[in-house]
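Breakdown of the fold
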Amino acid sequence: MQIKESAEVYDVIIVGSGAGGGMATKQLADAGFNVAVVEAGPFFDPADPVTKTQLKWPYESPRRGAGTDRAFGGWDMSWGDWDVEGEPYTQEEGTNFRWWRSRMLGGRTNHWGRISLRFGPKDFKGKTRDGHGDDWPISYDDVKPYYDKVDKLIGVYGTNEGLEDDPDGFFLPPPKPRLHELFYINGAKKTGIPVYPSRMSMLTKKINEDRGVCFYCGQCSRSCSVYADFSAGSCLIFPAQKSGGKVKIFVNSMVREVTTNEEGKATGVSYISKDDRKEYKLKAKVVVLAASACSSARILLNSKSKQHPNGLGNSSDIVGKYLHDSTGSSAAGVIPGLTNRKVSYNEDGTGGMHVYSPWWGDNSKLNFPRGYHIEVWGGMGQPNYGFGWDPNGFNKYFGLKVGGYGDSLRDDVKKYYGSVVGFGGRGEAIARKENYCEIDPTTVDQFGIPVLKFNYQWSDFERNQAKHMQDTFEELIHNMGGVPLSEKPGKDQDYGLLSPGQIIHEVGTTRMGNDPKTSVTNKFNQLHDVDNVFIVDAGPFVSQADKNCTWTILALSWRASDYIIEQLKQQNI
Amino acid sequence: MDRRKSLQTLILGGAAASTGFVFNACKTENGKTVDDTIAESSEKYFGRTPEELERIEKLNAEQLFNEHELETIGVLSTVILPPKEPHGGPIEAGVPELVEFMGKDIPTMAPTLLGGLMWLDHKCNTEFGTEFKSATLEQQKQICDEICWHDTEIALEKQPLEIQFFYVMRGLTVTGYYTSKVGIADLGYKGNMPNVWDGVPQDVLDQHGVAYDPAWIAKCIDQSTRGDIATWDEKGNLLT
């Protein structure tokens, strides 16, 4: 089969349209460059009534919103999840990594929690701080101007609190706490756990004329049809197109490899069109990978050539190494003080939480480095499949009989509606070389592209951190006058620590550094080995922090884009 | 009346439409443009991809329960959650249709449901000489009373089939009712519509014995300014 080659030479090809790819698209197109965006999934616009799930009622679905065809529930705006048909991945025996992929324009930004936390000064200097992991080659001061610009361009609510490691920004005012959050604030105060307004990228206030203001349906995970939350398609790629930028989007296009010339420089990409299952080639002066940390590593490792026999950018043999995800453990409790609620008002609020607890601990007294933050959930949300499944199961916590039928069920559903509060701990795992993804030489996907094999194991640091989370949650539930909904997971269950990958914050596979022997990119996200290839997803992260990674992906992608613009203008690349 | 069929028609109305003239992006029979059609019928879509719609069509083309079994499900669900004015009960909520769909959508549930329905008739025939759906409410309750409690200390799958069956049927009934139009009205859920969140009403705060901290509230959005475009000073203080 002949590979179809396009004659056009783009200034930049961007692979992937999520947070990193979206930001690069916006910056590079606005700078006047001719940009091609190559996305493995189909086109998606949250405003399209055909694919929109926002404001749907459960009874509009024959399965009432059950998660049979979408792992996070039938309304979740992710096309693809732990398993993508025809695109397998494999595991090293005895290890378990779970890899979430969204195949659509905007990628995972369409359904994410939109928790938008800056890393703090300490987060960039882990090794200096406690001897674990490595320092980034950049500091908070290098990224701060970009965080500031991202805040203003995209919009994030929060408050300036002057916290050392949760720096201030340019925030929109947060929404008021909901009832269960007031209970949480009071409960946390009793043991000195700090609580602050959340920092989330929904517009509580207008930031421009192009995007709507939040109307508090609580459904950000469905992607917002008035563009009041941050999704890469609606907030970066569409505006880039509208502002006159030269942006060509190739959807349903699965990139196979970065192509190179005799000198070893990148010449473009080759991709398989999912529509006709034929291979195509696109040419460009610069290739920007933003396919998500593991996918970008996969593309590099599959881009073998005479000049790059170990894969592109992999002379160090570091591509795929230092993979790490946030730690996660959770608990929930039923709070008697929240039973028998008045349903007189609409409590949907913004999607996710209005308040949270940043890390407060003193590591010198703990048996793990770094920390975690607490995410809180609860409230009188939309009932969907599963609602009331065990309608009076909570009775067992109050010495009442569980089961039965008849009118008492109706009463119990109402009695307990909105009385459950849950906590998710999201913490920092130490990046280790021994945790990695690599190419599985025996397996290909349906496009014939070799797939990734994962090898990842938690260490006792992460387990000890999860134990600390569980102890904290127990205390919080107790402080709120509640009863835990399930038995506290013990050592045999790793204290409820979820599998690597399950928090969907995977980073670090193409980490940045000053030394080409121990890192893949330089401090501008540029491959050490090939100067016209950049990686702007979470691959270049040296460490994860106990913060969600999206805001940092956006800031670093913008920073890298500025560098690309400068280098292209000076004709250095 | 074949309730199942009418429900299918209702659901597939939207589904078939979107497969036909939206994803293929052609003109509809009456010559309207795709955009017009979407605008007119957007309330019928529920955001499925073509692959998801295909799967729903496939499931709808299969039949899990026969008519007798569907009627029995209807009767049992009504015993579990008796209708109450003005919001009706499981039948108005479409519970039998949901049980049929989920039994196919989550195939591991099917044997428990099918086996449980057989057990129900067998038990009723043995005790009262009649099948469950034709028994009196008293007789039906007598049978349910025996299987409606389960030992919460033992895993459900290790308990007798009839206990598992009742547990699943109760779950499907309650979830089916409260995810329906009538059930949501009965619950009183007020959300899923454009709204302006401005805090918990005072009477609710009072009922639960909590209050807003004035210092915290001062940082929150003044909803009268939500339409003003945000501007900051160089230190990040909001000016507008």
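Everything numeric here is computed off the predicted structure, so don't read it as measured data. (Residues numbered from 1 in each chain as written. Chains lettered and ligands numbered in written order. Predicted model: local features only at pLDDT ≥ 70, side-chain atom pairs only at ≥ 80, totals over all residues. Heavy atoms only, no water.)

Each helix and strand in chain B was counted, giving 11 helices and zero strands. When the 240 residues of chain B are sorted by exposure, 49% land in the buried category. Contacts in chain B between residues far apart in sequence, at least 24 positions, make up 60% of those at least 6 positions apart. With an accessible surface of roughly 11,800 Å², chain B has 55% of that area assigned to carbon and sulfur atoms. (Helix = DSSP H or I, 4+ residues; strand = E, 2+ residues; numbered from the N terminus. Buried < 20%, exposed > 50% of the residue type's maximum accessible area, 1.4 Å probe, protein only. Contact = heavy atoms within 4.5 Å. Areas by Shrake-Rupley, 256 points an atom, 1.4 Å probe, with all protein chains shown as cover.)

The next subject is the nonpolar core. Ranked by size, the top nonpolar core spans 89 residues in total, and within it Leu179(A), Tyr184(A), Phe423(A), Leu76(B), Leu113(B) and Leu172(B) carry the most contacts. A per-element tally of this core places helix H8 (residues 161-178) of chain B first, with nine residues. Residues within four places of Phe423(A) in sequence aside, it is in contact with Tyr184(A), Ser329(A), Ser330(A), Ala331(A), Ile374(A), Glu375(A), Val376(A), Trp377(A), Phe473(A), Leu476(A), Ile477(A) and Met480(A). Counting 44 residues, the second largest nonpolar core, distinct from the first, contains Val255(A), Tyr280(A), Leu282(A) and Tyr322(A). (Core = buried A, V, L, I, M, F, W, Y, C linked by side-chain atoms within 4.5 Å.)

This part covers the packing of aromatic side chains. Residues and elements named next belong to chain A. Inspection of the entire model under this criterion finds 40 aromatic pairs over all chains. Plain terms: the ring middles of tryptophan 360 and tyrosine 372 are 5.5 Å apart, the flat faces sit at 80° to each other, and that makes the pair edge-to-face. Residue tryptophan 360 is found in the loop between strand E10 (355-357) and strand E11 (372-378), and its partner tyrosine 372 is found in strand E11; the two are separated by 12 residues along the sequence. Owing to a relative accessible area of 26%, tryptophan 360 belongs among the partly exposed residues under this scheme. On the basis of relative accessible area, tyrosine 372 is assigned to the buried category, the value being 0%. Taking the centre distance of 5.6 Å and the plane angle of 15° together, the rings of phenylalanine 423 and phenylalanine 473 count as stacked. Here the residue phenylalanine 423 occupies a position in strand E12 (residues 420-427), and phenylalanine 473 occupies one in helix H8 (residues 460-479), the gap between them amounting to 50 residues. (Phe/Tyr/Trp six-rings, centres within 6.5 Å; stacked < 30°, edge-to-face > 60°.)

Residues and elements named next belong to chain A. Here we have three strands laid out as an open sheet, ordered E3-E14-E13, and mixed in their pairing. In this open sheet, the two strands that pair with only one neighbour each are strand E3 (90-91) and strand E13 (436-444). As defined by bridge partners, E3 adjoins strand E14 (residues 450-455) across two bridges and the pair is classed as parallel. From the neighbouring strand, threonine 90 faces E14, where its bridge partner is lysine 453. (Pairing = 2+ DSSP bridges.)

Quick look at the UniProt feature "domain: Glucose-methanol-choline oxidoreductase N-terminal" (unreviewed entry) in chain A now. Mapped onto this numbering, the UniProt entry gives "domain: Glucose-methanol-choline oxidoreductase N-terminal" (unreviewed entry) at residues 99-325 of chain A. Taken end to end, residues 99-325 of chain A is 23% helix and 15% strand, and its two terminal C-alpha atoms sit 10 Å from one another. (UniProt positions renumbered as here; feature names shortened; annotations may be inferred.)

Residues and elements named next belong to chain A. Tallied over the full model, the rule gives 50 salt bridges over all chains. Note that lysine 547 and aspartate 166 form a salt bridge whose closest N and O atoms lie 3.9 Å from each other. One end of the pair, lysine 547, is in the loop between strand E16 (533-535) and helix H9 (550-569); the other, aspartate 166, is in the loop between helix H3 (140-154) and helix H4 (179-190), and 381 residues separate them in sequence. Comparing lysine 547 with aspartate 166, the two get one shared label, buried. (Salt bridge = Lys/Arg side-chain N within 4 Å of Asp/Glu carboxyl O.)

What UniProt calls "domain: FAD-dependent oxidoreductase 2 FAD-binding" (unreviewed entry) maps, in this numbering, to residues 11-43 of chain A. The distance separating the terminal C-alpha atoms of residues 11-43 of chain A is 22 Å; by composition the span is 36% helix and 30% strand.

With that settled, the discussion passes to the environment of Ser316(A). Residue and element names in this part refer to chain A. With respect to the secondary-structure elements, serine 316 resides in the loop between helix H6 (293-302) and strand E9 (327-334). Excluding residues that lie within four positions of it along the chain, serine 316 makes contacts with Pro516, Lys517, Ser519 and Val520. A distance of 3.3 Å separates a polar side-chain atom of serine 316 from the backbone nitrogen of isoleucine 318. (Polar contact = N/O pair within 3.5 Å; in protein donor to acceptor, adjacent residues only side chain to side chain.)

Residues and elements named next belong to chain B. With respect to the helices, strands and loops of the structure, serine 77 is situated in helix H4 (residues 67-80). Among the polar contacts listed, one links the side chain of serine 77 to the backbone oxygen of glycine 74, at a separation of 2.9 Å. Dropping the residues within four chain positions of it, serine 77 is found in contact with Pro90, Val95, Met169 and Thr173.

This paragraph deals with unusual backbone geometry. Pro86(B) follows Glu85(B) through a cis peptide bond whose omega is -5°. Phi angles above zero are rare outside glycine, and Arg114(A) is one such case at about 65°. Counting through the fold element by element, Arg114(A) comes out in the loop between E3 and helix H2 (126-130). Notably, Asn252(A) is not glycine yet its phi reads approximately 50°, a positive angle.

Attention now moves to the side chain of Asn435(A). All names here are of chain A. Take asparagine 435: it is sitting in the loop between E12 and E13. A polar side-chain atom of asparagine 435 sits 2.9 Å from the main-chain amide nitrogen of glutamine 457. Dropping the residues within four chain positions of it, asparagine 435 is found in contact with Gly320, Lys321, Tyr322, Leu323, Asn455, Tyr456 and Gln457.

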